[in-house]
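Here are the chains, one letter per residue:
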Amino acid sequence: MTSIHFSLSPFFSLNLNAPPRHHHHHRRLTLTLKVQATSSTTQTMGQESTNAAPAHGEFKLVGYKNFVRANPNSDRFPVHRFHHVEFWCGDATNTARRFSWGLGMPLVAKSDLSTGNSAHASYLLRSGELSFLFTAPYPPSLSDPSSAAIPTFSFSAHRAFTSSHGLAVRAVAIQVESAFSAHSASVSRGAKPVSPPVLLSDGKTAIAEVHLYGDAVLRYVSCGDDGWFLPEFEAVDSGIYCQELDYGIRRLDHAVGNVPKLEPVVDYLKKFTGFHEFAEFTAEDVGTAESGLNSVVLANNNEDVLFPLNEPVFGTKRKSQIQTYLEHNEGAGVQHLALVSEDIFRTLREMRKRSLVGGFEFMPSPPPTYYRKLKSRAGDVLSDEQIEECEKLGILVDRDDQGTLLQIFTKPVGDRPTMFIEIIQRIGCMMKDKEGKIYQKGGCGGFGKGNFSELFKSIEGYEKMLEAKVVGKTATA
Ligand SMILES: [Fe+2]
């Protein structure tokens, strides 16, 4: 029997036989929400449970089944949303163009030699609210450091970072009420300062940084209402073609970190941000030790800034993929970025068209047995047509107590088996805010925990089916 390598990165890998996948163009299907919007004017988020979250310093994984949802609204400073993600790379022009084409994110702004920045070349891609920034240094000997558009930029840090990690996320930026007060509140509660707050040239925008994990930083950005990015950046008119580059990706849902040990990192981040545990699961939850990871998700008050963290688990048959990441990344770092699509079918069709011509490739799709069971797992939320579309595009489906998650993972995006991208769409949990505006509750549908066991079961079922076929053939031969 020939076999192909199957892997739901970062969770597990298996070998299985699978038929070739076929990709056609399909008509657009919009996910209709079967869950009615419910008024939450009297029910603020997190009041599902009256149990208080464990106090800081009481870190202990209880696993998914025993985990009780609670939102203590314990943020130490006002957090608005994810602002941008900055990648440090050897050459920003080429990296930015690859991501632009692969994800459907036009180049919207730049700061480089052409705009008077002799310290670093930075290019900003944007799709909806999602902003990706790519930065590479110019030779320090030719640079005026005061011309840097990002005042926290450091030649020596960049050089050490890229030689150690390759292409990786340097900064996860969140928009806060005030970068000054967020930074001082954080540092007073144990955050390791990386860059003190700096007021930018517009007199309104401010930036500060504290240590996140590994060599990644948590960047605080505060800006006025009209602040479209950072003042030193120049808007780029990238032409009609580039303006139409849009595959439906709209915002960052979660930024996941891989760390050697969860406990110190979770304690460190909880203590200075005040973020609470939104969800967690351990290797045992998955019904198998093969996943090789424990996971905790930290969330802000609104639960739309989500920081999942993974640690490797040892003693399993296969080496933990988290451990593989840590070795190839030379330490902790951002493992994946989950991007929300407004229409995951459209996004996947567009991305798959470009997989082998400059875009991103995806992990192998699950076997047909996975999709045969999907009707009973999600038939009340997805139509038959939508389930069929999921199968054609290799999309995975999972649910939690609140909603449904559609997800798919790319292969690692760079040279090393480290960072990758997840595309998701969440269904359900529609709420009304005080002004009557409908919004979707953060993290609705979870993070894909259920796909561990579902994929294992479907792969086992598929292998049995194939074995039966081979036995049948041998018997008739
Ligand atoms: Fe994820």
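That block above? That's the structure.
Here is a short report on the structure shown in this document. Keep in mind it's a predicted model, so treat the numbers as computed, not measured.

### Things to note about the nonpolar core
By size, the foremost hydrophobic cluster in this structure holds 89 residues, and its most contacted members are Leu103 and Phe132. In terms of residue count, helix α5 (residues 262–273) provides more of this core than any other element does, six residues in total. Split by domain, the residues of this core number at least three in each of domain 1 (79–235) and domain 2 (249–470). If we ignore the near neighbours within four places in the chain, the residues touching Leu103 are Phe132, Tyr247, Ile249, Leu339, Met351, Phe360, Ile421 and Ile423. Counting residues in hydrophobic clusters, the runner-up holds 12 residues, among them Ala149, Ile207, Val221 and Phe233.

### Details of the packing of aromatic side chains
This structure, assessed with the given rule, holds 18 aromatic pairs. A ring pair is formed by Phe87 and Phe132, whose centres lie 5.0 Å apart and whose planes are at 75 degrees; its orientation type is edge-to-face. Pair noted here: Phe87 is in strand β4 (residues 79–88) and Phe132 is in strand β7 (residues 130–137), with a separation of 45 residues, a long-range link. A single burial state applies to Phe87 and to Phe132, both of which are buried. Seen from their ring centres, Phe153 and Phe155 are 5.2 Å apart, and the 80 degrees between their planes marks the pair as edge-to-face. For the pair formed by Phe153 and Phe155, the shared burial category is buried. The rings of Phe87, Phe99, Phe132, Phe134 and Phe360 are connected pair by pair, giving a single aromatic cluster. Over the aromatic face of Trp101 sits the side chain of Arg354, whose NZ or CZ is 4.6 Å from the ring centroid.

Each value, and the rule that gives it
Residues numbered from 1 in each chain as written. Predicted model: local features only at pLDDT ≥ 70, side-chain atom pairs only at ≥ 80, totals over all residues. Heavy atoms only, no water. Core = buried A, V, L, I, M, F, W, Y, C linked by side-chain atoms within 4.5 Å. Buried < 20%, exposed > 50% of the residue type's maximum accessible area, 1.4 Å probe, protein only. Helix = DSSP H or I, 4+ residues; strand = E, 2+ residues; numbered from the N terminus. Domains from an automatic or database assignment. Contact = heavy atoms within 4.5 Å. Phe/Tyr/Trp six-rings, centres within 6.5 Å; stacked < 30°, edge-to-face > 60°. Lys NZ or Arg CZ within 6 Å of the ring centre and 35° of its normal.

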